[in-house]
Amino acid sequence: MNLEFNHETLGQRVLFGRNKAATNVAAEVDRLDAKNVMLIAGEFEQEIATNVTDDIQVTVNYSNVVMHVPIEVANDARQAAIDNSVDLLVCVGGGSTTGLAKAIAMTTNIPIVAVPTTYAGSEATNVWGLTEAARKTTGIDNAVLPVTVIYDAELTMSLPVDMSVASGLNGMAHCIDSMWGPRADPINQALGTEGISALSDGLPAIVADASDVAGREQLLYGAYLSAVSFASAGSGLHHKICHVLGGTFDLPHAQTHATVLPYVLAFNMDAAPDAANKIAKALGAHDALAGLQSLRNTLNAPHRLSDYGFTAENIAEAVEITLPAVPHNNPRPVTAENLTALLEAALTGAHPADLRNQLNSNGA
Ligand code: NAD
């Protein structure tokens, strides 16, 4: 086999440990010599954030967190950071909270210490997202990559099981999309497959017992790997679709990823047999789609977009916006026709194996 690729690894400190968040946050504030810390945490994350920042002085506590980072919220938070001479952003929360910290860092270059409380993984990527006039824009900027990530599974114990499942499957989507992302290579694929293994161990454990902290630790570990592999491989078909569903139709992020994933796997797997084998092996299954569906059944995972407000009338617009953004090297060439078939199946929760058979028999 001839190995030839260009791979970039992003630089970031990762501090991982149960009941260590407050100590690690204080140590990072000290190490970075921060004088004016801006704490960013949404309304439901305030209690966790208060505990985590017990040992540091906070200059500004910003709690107006809105999913998909509306530009108005970003601008208001940026101004608050400037007005208070903030020199460090500490964000405690899910991807929406991390996203707001990134929006501030993007224009101010203020460093971020991220303390995640979901499995979204935004903390380990240099990807930012902003929403303006119902269009979500994303981009890459190393200024938004948190300098340090502090993982503590105890902080995720309060995340309800259904949200944990959706969020963990969001991580799984990062891993699976990394297998054929535009810059997929053996290194990010290796990280992605380890992420799939960790997530597929952790998810059933916390569904069986929501207080299983070791299971939640596996999910955080998997979430980190998933995000590193995604940041490195780039947005594939799955992310391009979900980005439009979230940004244009305001569908909830994690649930949308959890729902769409088996359809993208069904769409691409037979055009990318090596990737499909790696996914299957990481899931401990003979077939990647059967393995993913078996896991999803155990988890009672979200399974149709109609449950989240998407309608048949939205499909044409979603296809029109998604199509030009799809990476040219997606394993199966994407057309308006086969993308429509994918979204129709995801809308109604049709069996993804039927979509796979339909595409293979059409040669589409
Ligand atoms: P979220 O951050 O919106 O959180 C969902 C809900 O869970 C919120 O109400 C939040 O307050 C609550 N919550 C968070 N942690 C909790 C906890 N431990 N206990 C109880 N409740 C808790 O959702 P998300 O799925 O984490 O993030 C979604 C956002 O992140 C989207 O905007 C998405 O685009 C972005 N994202 C970005 C990247 C990236 O690389 N830039 C990667 C993944 C996600």
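Residues numbered from 1 in each chain as written. Predicted model: local features only at pLDDT ≥ 70, side-chain atom pairs only at ≥ 80, totals over all residues. Heavy atoms only, no water.

### Quick notes on the site of the ligand
Inspection of the region around the ligand gives 24 residues, with Ser96, Thr117, Thr118, Thr125 and Lys136 positioned closest. Gly95 is positioned such that a nitrogen or oxygen atom in its backbone is 2.8 Å from an oxygen atom of the ligand. Take Thr118: an N or O atom from its side chain is 2.7 Å from an oxygen atom of the ligand. In isolation the ligand offers 860 Å² of accessible surface; the protein chains occlude 86% of this area. When contributions to the shell around the ligand are tallied by element, the ones reaching two or more residues are helix H4 (95-108), helix H5 (161-178) and helix H9 (253-268). Looking at the shell around the ligand, the element that brings in the most residues is H4, giving 3 residues. (Near = heavy atom within 4 Å. Polar contact = N/O pair within 3.5 Å; in protein donor to acceptor, adjacent residues only side chain to side chain. Areas by Shrake-Rupley, 256 points an atom, 1.4 Å probe, with all protein chains shown as cover. Helix = DSSP H or I, 4+ residues; strand = E, 2+ residues; numbered from the N terminus.)

### Some details on the side chain of Thr118
Secondary-structure assignment places Thr118 in the loop between strand E5 (112-116) and strand E6 (127-132). Looking at Thr118, its side chain comes within polar contact range of the main-chain nitrogen of Ala120, at 3.3 Å. Not counting the four nearest positions on each side in its chain, Thr118 is found in contact with Gly93, Gly94, Gly95, Thr156, Leu159, Ser167 and Leu220. (Contact = heavy atoms within 4.5 Å.)

### Concerning the pairing of E6
Summarising the sheet, E6 and strand E7 (residues 135-140) pair through 6 bridges and their orientation is antiparallel. Looking at the pairing, Leu130 lines up with Thr137 of E7. (Pairing = 2+ DSSP bridges.)

### Details of a nonpolar patch on the surface
Together, Leu3, Phe5 and Ile187 give the surface a local cluster of nonpolar side chains, amounting to about 260 Å² of exposed area. With respect to the element layout, Ile187 can be found in helix H6 (residues 186-208). Accessibility expressed as a relative area gives 36% for Ile187, which makes it partly exposed. (Patch = residues over 30% accessible without salt bridge, like charges linked within 9 Å, V, L, I, M, F, W, Y side chains within 5 Å. Salt bridge = Lys/Arg side-chain N within 4 Å of Asp/Glu carboxyl O. Buried < 20%, exposed > 50% of the residue type's maximum accessible area, 1.4 Å probe, protein only.)

### Quick word on the environment of Val37
Take Val37: it is sitting in strand E2 (residues 37-40). Given a relative accessible area of 1%, Val37 falls into the buried group. For the pair Val37 and Glu194, spaced 157 residues apart in sequence, the C-alpha to C-alpha distance is 35 Å. Contact partners of Val37, with chain neighbours within four places excluded, come to Val29, Ile56, Gln57, Val58, Thr59, Val60, Asp87, Leu88 and Val90.

### Some thoughts on helix H11 (residues 288-299)
Compared with an ideal rise of 1.5 Å per residue, which puts 12 residues at 16 Å, H11 spans 17 Å between its outermost C-alpha atoms and is within 8% of the ideal. Every buried residue of H11 is accounted for by Ala288, Leu289, Gly291, Leu292, Gln293, Leu295, Arg296 and Leu299. Residues of H11 that are buried make contact with H5, H6, H9, helix H10 (273-283) and helix H14 (352-362). N-capping of H11 is provided by Asp287, with a side-chain oxygen placed 3.1 Å from the backbone N of Leu289. At the C-terminal side of H11, Asn300 shows a positive phi close to 55 degrees. (Expected span 1.5 Å × (residues − 1).)

### Thoughts on the sheet that holds strand E3 (residues 60-62)
Across the sheet, 6 strands lie side by side as E1-E8-E5-E4-E2-E3; this open sheet has parallel pairing. Of all the strands in the sheet, just strand E1 (13-16) and E3 have a single pairing partner and so form its edges. Ignoring strand direction, the axes of neighbouring strands in this sheet form an average angle of 15 degrees. As defined by bridge partners, E2 adjoins E3 across 3 bridges and the pair is classed as parallel. Bridged to Met38 within E3 is Val60. Those strands touched by helix H3 (residues 71-83) are E2 and E3, and its axis lies near 175 degrees from that of E3. The sheet strands contacting helix H7 (residues 213-233) are E1 and strand E8 (148-151), and the helix crosses E1 at an angle near 170 degrees. (Axes fitted to C-alpha atoms, helices over the stretch in contact; angles between N-to-C directions.)

### Overview of the nonpolar core
Ranked by internal contacts, the top residues of the largest apolar core, which has 68 residues, are Met172 and Leu245. With 8 residues, the single largest contributor to this core is H9. Not counting residues within four places of it along the chain, the set of residues in contact with Met172 comprises Ile196, Leu199, Ser200, Leu261, Leu283, Leu292 and Leu295. Of all hydrophobic cores here, the second largest spans 25 residues; its members include Val69, Ile71, Leu100 and Ala103. (Core = buried A, V, L, I, M, F, W, Y, C linked by side-chain atoms within 4.5 Å.)

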